[in-house]
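Commentary on secondary and tertiary structure
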Amino acid sequence: MKLVTFETRDGSVEFGAVVEGRAVSLSSVGTPEDSAFPDIHAYLRGMPASVATAEDLLATRENAAGGADQTFTWDLSEVRLLSPLPRPAALLDCGMSPRHLANSSATLLRRSLPGPLGIVVGGIVGGLGRRVMGRGSPRPRYYKGNHNAVIGDGGTVGWPSYTAYLDIEPELAFVTGTLPCGASEDAAASAIAGYLVFNDASARDVQLPEMFFTGPASSKDFDDS
């Protein structure tokens, strides 16, 4: 399933899935059993049973008499796609690609240091970083991103006045859900619920000092970044 959160023309926010170019709602209630998914958070909390329930609801609405049930479906051109997970509980950004980490470090230095010095040092650090990071690490490093600054497909990233260079990084995001485990009914574990394309914006020309003190702050945490 390709899950989405979207806003209709009347301003209502729906959780659902994309089926053959149409957004099909799973949150608009028509019968009592449909109310299981007011939003994606309910879907994630209810795994793994929620997966089968959602598939059944989609099949029911797509197989309604006369074709897809138009009460619960919209053409994608009629809605505004929000982030599939508009308000994640947390956002952890991990460095998993040696080439990307080396390239971003080189870009950071080229944009932070003056003229030729930045180009030379950036090239050296990038080459060294690629070799060192290519050896792998048993425990990936991460920083905490701004989970309140997530926007959806086609949204506009804010450009802070204090930076002249934004580096847009296409990344792969893992969304976690909850699975029951153990003998206790309250015992639960996290599981991968899905994947999405995630674009992360970085103000490279102000990032260097932060890496020595606070870690990524104003270089990462700005509106809709």
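Structure first, text after, so check above.
Our subject in this report is the structure included herewith. Every value quoted in this text rests on a predicted model; they were computed, and no experiment measured them. (Residues numbered from 1 in each chain as written. Predicted model: local features only at pLDDT ≥ 70, side-chain atom pairs only at ≥ 80, totals over all residues. Heavy atoms only, no water.)

Concerning helix α3 (residues 98-112)
For α3, spanning 15 residues, the distance from its first C-alpha to its last is 21 Å, which sits close to the expected 21 Å at 1.5 Å a residue. Of all the residues in α3, the buried ones are A102, S104, A106, T107, L108 and L109. (Helix = DSSP H or I, 4+ residues; strand = E, 2+ residues; numbered from the N terminus. Expected span 1.5 Å × (residues − 1). Buried < 20%, exposed > 50% of the residue type's maximum accessible area, 1.4 Å probe, protein only.)

Things to note about a nonpolar patch on the surface
Taken together, L172, F174, I192 and Y195 make up a surface patch of nonpolar side chains, about 470 Å² in accessible area. On the secondary structure map, I192 appears in strand β9 (residues 188-203). I192 gets classed as partly exposed once you look at its relative accessible area, which sits at 47%. (Patch = residues over 30% accessible without salt bridge, like charges linked within 9 Å, V, L, I, M, F, W, Y side chains within 5 Å. Areas by Shrake-Rupley, 256 points an atom, 1.4 Å probe, with all protein chains shown as cover. Salt bridge = Lys/Arg side-chain N within 4 Å of Asp/Glu carboxyl O.)

Concerning unusual backbone geometry
The phi angle of most residues is negative, glycine excepted, and most peptide bonds adopt the trans form. A cis amide bond links M47 to the next residue, P48, at an omega of 5 degrees. Relative to the helices and strands, P48 is located in the loop between α1 (40-45) and α2 (49-62). The backbone of E20 shows a phi angle near 50 degrees, a positive value even though the residue is not glycine. Position of E20 among the secondary structure elements: in the loop between β2 (13-19) and β3 (22-25).

As for the side chain of S83
When you line up the elements, S83 lands in the loop between β5 (80-81) and β6 (92-94). Apart from the residues within four sequence positions on either side, S83 is in contact with T5, V150, I151 and G152. (Contact = heavy atoms within 4.5 Å.)

Things to note about the nonpolar core
If you look at the biggest cluster of nonpolar residues, it comprises 15 residues, and the most contacted ones within it are F15, L26, F37, Y43 and L44. Every element with two or more residues in this core is listed here: β2, α1 and α2. (Core = buried A, V, L, I, M, F, W, Y, C linked by side-chain atoms within 4.5 Å.)

Things to note about the environment of S50
Locating S50 in the fold gives a position in helix α2. Between the alpha carbons of S50 and F37 there is a distance of 8.5 Å; along the sequence they are 13 residues apart. Not counting residues up to four positions away in its chain, the partners in contact with S50 are F37 and Y43. Looking at S50, its side chain comes within polar contact range of the main-chain oxygen of Y43, at 2.7 Å. (Polar contact = N/O pair within 3.5 Å; in protein donor to acceptor, adjacent residues only side chain to side chain.)

Examining the packing of aromatic side chains
This model, assessed by the stated rule, comprises five aromatic pairs. Each ring, one from F6 and one from W74, has its centre 5.4 Å from the other, and the planes form 65 degrees; the classification is edge-to-face. Placement of F6 in strand β1 (residues 3-7) and of W74 in strand β4 (residues 73-75) is noted, with a sequence separation of 68 residues between them. As far as the burial class goes, F6 and W74 line up, both buried. Seen in terms of ring centroids, F174 and Y195 are 5.4 Å apart; in terms of plane orientation they differ by 70 degrees. Their pairing is edge-to-face. Note that F174 is positioned in strand β8 (residues 166-180) and Y195 in strand β9, a separation of 21 residues in sequence. Looking at F174, the relative accessible area reads 47%, which means it is partly exposed. Cluster of aromatic residues (ring-pair linked, three or more members): F15, F37 and Y43. (Phe/Tyr/Trp six-rings, centres within 6.5 Å; stacked < 30°, edge-to-face > 60°.)

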